[in-house]
Amino acid sequence: MGDYPGPHDAETLIRSLYAEHGRSLLAYATRLTGDRAAAEDVVQETLVRAWKHAGDLTSGRGSVRGWLLTVARNIVTDRARARAVRPAEVADVVDRPPVEGDHSESVVNTMVVLEALEKVSPEHRDVLVQLYYRGRSVAEAAKELGVPPGTVKSRTYYALRALRAVMGQEAEVAR
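Thresholds, definitions, all that
In every chain, residue numbers begin from 1 and rise along the written sequence. pLDDT decides what is reported in this predicted model: residues at 70 or higher carry local features, side-chain atom pairs at 80 or more are listed and counted, and totals for whole chains, interfaces and linings draw on all residues regardless. By convention in this description, side-chain values take in all heavy atoms of the structure and omit both hydrogens and water. Working definition: rings of Phe, Tyr and Trp (its six-membered ring) pair if their centres are within 6.5 Å, and the pair is stacked with planes under 30 degrees apart, edge-to-face with planes over 60 apart, and tilted otherwise. We call a residue buried when its accessible area falls under 20% of the maximum for its residue type, exposed when it is over 50%, and partly exposed in between, using a 1.4 Å probe and counting protein chains only. Numbering of helices and strands starts at the N terminus; helices are DSSP runs of H or I of at least 4 residues and strands are runs of E of at least 2. The span you would expect from a helix comes to 1.5 Å times its residue count less one. It is the directions from the helix axis to the C-beta atoms that the arc portrays. Distance and chemistry together define a polar contact, namely a pair of N or O atoms within 3.5 Å, with one atom able to donate a hydrogen and the other to accept it when in protein, and with adjacent residues in sequence counting only for side-chain atoms on both sides. In plain words, nonpolar cores are sets of buried Ala, Val, Leu, Ile, Met, Phe, Trp, Tyr and Cys residues tied together by side-chain atoms within 4.5 Å.

**Concerning the packing of aromatic side chains**
And step 1. All chains considered together, the criterion is met by one aromatic pair.
And step 2. Considering the side-chain rings of Y157 and Y158, the 5.0 Å spacing of their centres and the 80 degrees angle between planes classify their relative orientation as edge-to-face.
And step 3. Overall, the relative accessible area of 44% leaves Y157 in the partly exposed class.

**Here's the deal with helix 2 (residues 36–52)**
And step 1. The terminal C-alpha atoms of helix 2, which comprises 17 residues, lie 24 Å apart, in line with the 24 Å expected from a rise of 1.5 Å per residue.
And step 2. Buried residues of helix 2: A39, V42, V43, T46, L47 and A50, and no others. Seen along its axis, helix 2 keeps its buried residues to an arc of 135 degrees; they face one direction. Facing away from the buried side of helix 2 by more than 90 degrees, the exposed set consists of Q44 and K52.
And step 3. Where helix 2 begins, the capping side chain belongs to D35, and its oxygen is found 3.3 Å from the backbone nitrogen of A37.

**Brief notes about the nonpolar core**
And step 1. The biggest cluster of nonpolar side chains holds 20 residues, and the ones touching the most others in it are L17, V42, V43 and A50.
And step 2. Residue assignment for this core shows that the elements contributing at least two residues are helix 1 (7–33), helix 2, helix 3 (54–57) and helix 4 (64–85).
And step 3. Here the element with the most residues in this core is helix 1; it accounts for eight residues.
And step 4. With 13 residues, the next largest nonpolar core counts A116, A141, V147 and A159 among its residues.

Given below as structure tokens:
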């Protein structure tokens, strides 16, 4: 610790520095950082450095408050420079919706639709499965089912109407 007598005296010095300059040092650091918690960290680091340089502070050269404010400003500057050289943090992807935690509504909807599909005719069910569950085009579904594309289109129309009717009846029963 240089020519400073001992750790006990340095601790006393730091307590008196904090009592005398702590509020103004915290206000200054808060203005520099814009964040109270970060400012408190800066004040703490400033006082640690003052403790390490207690001999320089008691030598009578220069202003103690000026030294403390300069050290606080240097700490804030060093932290800003350290953040600037770190790689940029990856931002959230905007084109994707946030992950939903509860998928129970989706499960219930799937169960209701599957139950309703069982209540429509096999021809209607087959065309809906081909188009909506397997993701096939009208031409692909027609080839798979062995019917003309026009038949697939008309069956789809009537199948959706039948499905809506079945689901509407279930909704009325559930009420």
